[in-house]
Each structure stands twice: as C-alpha cells, then as structure tokens.
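Structural characterization, general
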Amino acid sequence: MAGASDDPLAFWRNMVSSLESNVNSASNKLMEAEHFSKTMNQFASAATGAQNSFNEIMERYLSTLNLPTASQVKDISVRLAVIEGQLSELVSLLQVADAAGQGAGERFPRPSRARRPDAEGEK
Amino acid sequence: MSEGAKSADVADRIKAEVERAVLRGIKGVEYLTSPAPAVGPSAKELLLARGPMMLYHYRPMVENVYRVPLLIVMATTNRGYILDLAPGQSFVEFMLKHGYDVYMLDWKAPKPEEKSLKIEDYALRFIADALHAVQKDSGEKDVTLAGYCFGGVLSILHAAANAQGPVKNLVCFTTPVDFTQLRLFHNLSDRRYFDVDSFVDGLGNVPAETIVSSFDMLRPASRLAGQLQLWENIWNDEYVKSYRMMQRWGNDTLPLAGEYFRQTVKDLFWDNKIFEDRMTLDGRRVSLSAITVPLFHAIAEHDHIVPPEAAKHLIERVSSSDKEQVMLKGGHVSLVAGANAIKRLWPHLDKWLGMRSV
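This is a predicted model, so every value here is computed, not measured.

**Side note on the overall build of chain B**
- Each helix and strand in chain B was counted, giving 14 helices and 10 strands.
- For a compact globule of 358 residues, the expected C-alpha radius of gyration is about 21 Å, and chain B comes in at 22 Å, within 12% of that figure.
- With the principal axes as the frame, chain B shows a C-alpha extent of 75 × 55 × 40 Å.
- Out of the 358 residues belonging to chain B, those deemed buried represent 59%.
- Contacts spanning at least 24 positions in sequence make up 81% of the contacts within chain B whose residues lie at least 6 apart.
- Charge centroids of chain B, computed over 42 positive and 44 negative side chains, lie 1 Å from each other.

Here you go:
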C-alpha cells in the first residue's frame, strides 16, 4: 500500500484542511472582539435603515403606478406556499381519519408494548 | 517494500487518480443535472398540525415495542429529517428497529400572523399538545421527551414547568444552558449594539437567510472547503449523496417567530435566565431544579454551535437522582447523525433508555 507521501492528492487535502481550520479560527477570534459586534451591528442597522427608506420610496412610486411591490409579490408567494402546505396537511389528516374509520381505529399496525431491554430477534 | 513493488504501487495510484479524474468530469455533470436525494424515508403519519407544529408518528418496525413512547422535539430552526436522513443513516429508523414507538414534533415556518408566538407557546403549549396526542395515540400515560439543540431547551423548560408529568424520561442532545458560552451569537446580540426591538419590529419574523448567515459566520471557510472536498470526492456516489443530504438540510433552515426571537435574545442571550435560575414563562418561575425525572444528556466535544461549556451545566442544575451526561467525539450535527452517531450516540442511548422505557 502506498504511503501518504505517494498520495498525489495528499498535499491538496492538507492544504484545504489547514486553510479551513486557519480561516475559521482567525475569524472566530475576530468575531469574539467587542469592536466586531459594534461594527457589525452599526453596519446592519445602517443597512436596514437605508433599505427601509428605499423600500418606502419604491412602495410609494409603485403604488402611484398601481403596481405591486416585490414584498407584496413575495407575501403572496409565501401565502400560496402556506396554503399548499395546509392542503397537504389536510389531505394527510383526512387519510389518517379515513384509515381510522375503515380499520376500526387501526392505522399503522399497533404493536404490543411489553418489550424488555434484553428482548432479541425482533429486528 | 522493494523498489519494483513501490514503482508498481505508485503506477496503480496514478491510474486510480486518472480514473477518478475522468469520473469527476462525468459525475460533475450528473451532480449539476440531478435532483437532491430524498430524505426522511421512514414511513410516518401526521397526527397533529397546528400553527408551526407538526406531530408525526413513525410506523413501528417491530411487533413488540417498549411500553413508553418516545417523543423527539426538533430544534425550531431546523427540519427534523436530519434524524431520518436515509436507510441505515437514520436515528429514527435505529430507534424503531430497537423497539421504540417513535413520534416527532417537527416545525415549519411561522406565518406572518404568527410573529407573536413566544417561547411559552412552544415550550408549554405545543409540546403539551404533542404529549397529549402521543398519550392518546399510544394509550400510555408516560412519555420519554427527547430534544435536540433548542428543541432540548424547550424540552427542559417544559419538564421544569410540568414536574407532575407526563414526562417519564428526559433526553437532551447538545442542549445549551449557559448562553454566554455561545460566544459568537452572544457577541452578535450584544445589548449595547444590537437593537433587537427595532430588528424584530421591522422584520416581523426573522428570515431564514439571517439564521443561515449567522450559522455560516461560525465557520466561514467551511462551505468553500466542503465544496473543494466535494470536487475531490465527486467520483464517490456515497460521499456525494451524504454531502447533498447534509447540504440540503443545512440550507433548509426555518425562519423564527419575531417574539420568540426577541425573547430568546433578551431572556437567554442578554440575561442568561435559565443559567441564572431566573427564567419565567407565562409569569411563572421555571427552574431546572424542578426536574426530577431520569435525564440523559449527550454533548459533542467539538460542537462549534453549542460548545460543551454552554451545555455541561444542565446535569448539575436538575434535581434528578438518575442522570447521566456523556461527552462524545463529534460536532453539533455529527453527534446525532452520520457514521459517528451510528457507532457512538445511538447504541449508548438505546442502552440507557431501554431499561427506562418498560
């Protein structure tokens, strides 16, 4: 069997592994510093503020043109996804109820509940 | 090894690498054009759906199960199929085959009008509803409650607030108690700089993208490194399948209800109320010392999301006389899913829980 020195991709593997480890470690140290939190939150706050102002202006503009905003389209899309999810839940619950009605309360086979830790041969 | 044999071996390696390089090209195209593998293969039925909660019952795999059913509570940011990835790699399947009657409380994205859901709704009402449904479905009064990550936090809060039952055993996987030790999240939510009220009031629910980004920040190089490792191993179908399942799960993160997030930041990250024994739910004090049922807590040695320092205090805070905490090799996800979990956590838990489930 070839040793590690004969493995043509060993250098690549080691490089990826140490790159990941070093970058993660350095980033974590940076992120633990107080100034990171301050800067990050200032930036996030400013970005959110700017985004909100921009959204308000765009909303007024699109409203004037009688057009929906991206967030309204997104809301409709979320609503549709929720409705689809609820429909599939209803179908699933109806199937459970239907199976219960047909099978005198049995859906999945009901096992006995007397197993002991040393029970064997049931796999 | 002789020089001749060594040369032949090197030649074999080069041949194998050339074959892999060819396969990388072919499989790479397949990867880009094929859908992600299916997940969550164990047969299950939906027992209860209300708001963001979904309670599933898995089809038993043996004819004789333990008396006490097992209810797994998933973390509110992630989908439950991490515990049921694929046949042979599924915690749920393992427990079913080892004689447990398994239920799972899984979550879906809260709707915009559900932004006012609080920790109380999750820990006291949703878990209570799920426990009641499990009791009714199984015909058993006792239930084992098992929570993963923040699902564990909700489970311990429920058990602490309901010492009278019906929780018979409590199982926690990498459950944080000291939130100051979740260093990045704690630093990001620093009360001096993070205006959580403006954040939540502006957004309603916290988008999944924000949560994915904050998880990625913990390991900023890992996504790229994962892609490079994928390229190297793309000839290997099993590796690619596992990679895609894990990647799908990692990206399939759930948004959080706004009030739930606000409360998590203020009560847990700012005031560390569970650790400092000042937590209240619905105006009632909830202390971990009220927990007296048998407790099993598994912590991952290399967990970058919930480090052992954040989780290790659970065992000392409960009043249970029957309690065990294990520190296992692995990370936040590999503790409960994948090859390491199959060898380490699952058999260990089965041994502990079996004798307490009769």
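We are not done yet, so read on.
**Topic: the packing of aromatic side chains**
- On inspection of all chains with the given rule, the structure shows 16 aromatic pairs over all chains.
- Aromatic side chains B:Tyr66 and B:Tyr100 sit 4.7 Å apart centroid to centroid with 45° between the ring planes, which places their arrangement in the tilted category. Of this pair, B:Tyr66 sits in the loop between strand 2 (53-58) and strand 3 (70-73) while B:Tyr100 sits in the loop between helix 2 (91-97) and strand 4 (102-107), placing them 34 residues apart in sequence.
- Judged by relative accessible area, B:Tyr66 falls into the buried class, the value being 3%.
- On the accessibility criterion, B:Tyr100 (1% relative accessible area) is buried.
- Look at B:Phe150 and B:Phe179: their rings are 6.3 Å apart centre to centre, the planes differ by 70°, and that puts the pair in the edge-to-face class. Linking B:Phe150 in helix 4 (residues 150-161) with B:Phe179 in the loop between strand 6 (167-173) and helix 5 (183-188), this pair joins segments that are 29 residues apart in sequence.
- Here the aromatic cluster, defined as three or more aromatic residues joined through ring pairs, consists of B:Trp107, B:Tyr122, B:Phe126, B:Phe150, B:Phe179, B:Phe185, B:Tyr260 and B:Phe269.
- The positively charged end of A:Arg115 is found above the aromatic ring belonging to B:Tyr66, 5.5 Å away from the centroid.
- Above the ring of B:Phe275, the side-chain terminus of B:Arg317 is found at 4.2 Å from the ring centroid.

**As for the side chain of B:Asn78**
Residues and elements named next belong to chain B.
- Secondary-structure assignment places Asn-78 in the loop between strand 3 and helix 2.
- Since its relative accessible area comes to 9%, Asn-78 is described here as buried.
- At 2.9 Å, the side chain of Asn-78 and the side chain of Thr-77 are in polar contact.
- In contact with Asn-78, not counting residues within four places along its chain, are Asp-106, Trp-249, Thr-253 and Leu-254.

**Here's the deal with helix 9 (residues 237-251) of chain B**
- Taking 1.5 Å per residue as the helical rise, helix 9 of chain B with its 15 residues ought to reach 21 Å, and the 21 Å between its terminal C-alpha atoms agrees with that figure.
- Among all positions of helix 9 of chain B, only B:Val240, B:Tyr243, B:Arg244, B:Met245 and B:Trp249 are buried.

**Some thoughts on the nonpolar core**
All names here are of chain B.
- Judged by nonpolar contacts, the single largest core of 114 residues is most densely connected at Leu-71, Trp-107 and Phe-173.
- Here the element with the most residues in this core is helix 3 (residues 119-138); it accounts for 10 residues.
- In this structure Phe-173 touches Phe-91, Gly-147, Tyr-148, Cys-149, His-297, Ala-298, Leu-335, Val-336, Leu-345 and Leu-349, once residues within four positions along its chain are discounted.

**Points about the sheet that holds strand 10 (residues 323-328) of chain B**
Residues and elements named next belong to chain B.
- If you walk across this open sheet you meet the 8 strands as 1-2-4-3-5-6-9-10, and the pairing is mixed. Two strands lie at the open edges of the sheet, namely strand 1 (44-50) and strand 10, each paired on one side alone. Between one strand and the next, the sheet's axes are offset by a mean angle of 15°, whatever the strand orientation.
- Across 4 bridges, strand 3 lies against strand 4 in parallel orientation. Considered in strand 4, the bridge of Ile-72 is made with Met-104.
- The sheet strands contacting helix 4 are strand 3, strand 4, strand 5 (143-148) and strand 6, and the helix crosses strand 5 at an angle near 140°.
- Lying on the sheet, helix 14 (residues 345-354) is in contact with strand 3, strand 5, strand 6, strand 9 (295-300) and strand 10; it crosses strand 6 at an angle near 165°.

Reading guide: rules and limits
Residues numbered from 1 in each chain as written. Chains lettered and ligands numbered in written order. Predicted model: local features only at pLDDT ≥ 70, side-chain atom pairs only at ≥ 80, totals over all residues. Heavy atoms only, no water. Helix = DSSP H or I, 4+ residues; strand = E, 2+ residues; numbered from the N terminus. Rg over C-alpha atoms; globule rule 2.2 N^0.38 Å. Buried < 20%, exposed > 50% of the residue type's maximum accessible area, 1.4 Å probe, protein only. Contact = heavy atoms within 4.5 Å. Lys, Arg positive; Asp, Glu negative; His and termini not counted. Charge placed at Lys NZ, Arg CZ, Asp CG, Glu CD. Phe/Tyr/Trp six-rings, centres within 6.5 Å; stacked < 30°, edge-to-face > 60°. Lys NZ or Arg CZ within 6 Å of the ring centre and 35° of its normal. Polar contact = N/O pair within 3.5 Å; in protein donor to acceptor, adjacent residues only side chain to side chain. Expected span 1.5 Å × (residues − 1). Core = buried A, V, L, I, M, F, W, Y, C linked by side-chain atoms within 4.5 Å. Pairing = 2+ DSSP bridges. Axes fitted to C-alpha atoms, helices over the stretch in contact; angles between N-to-C directions.

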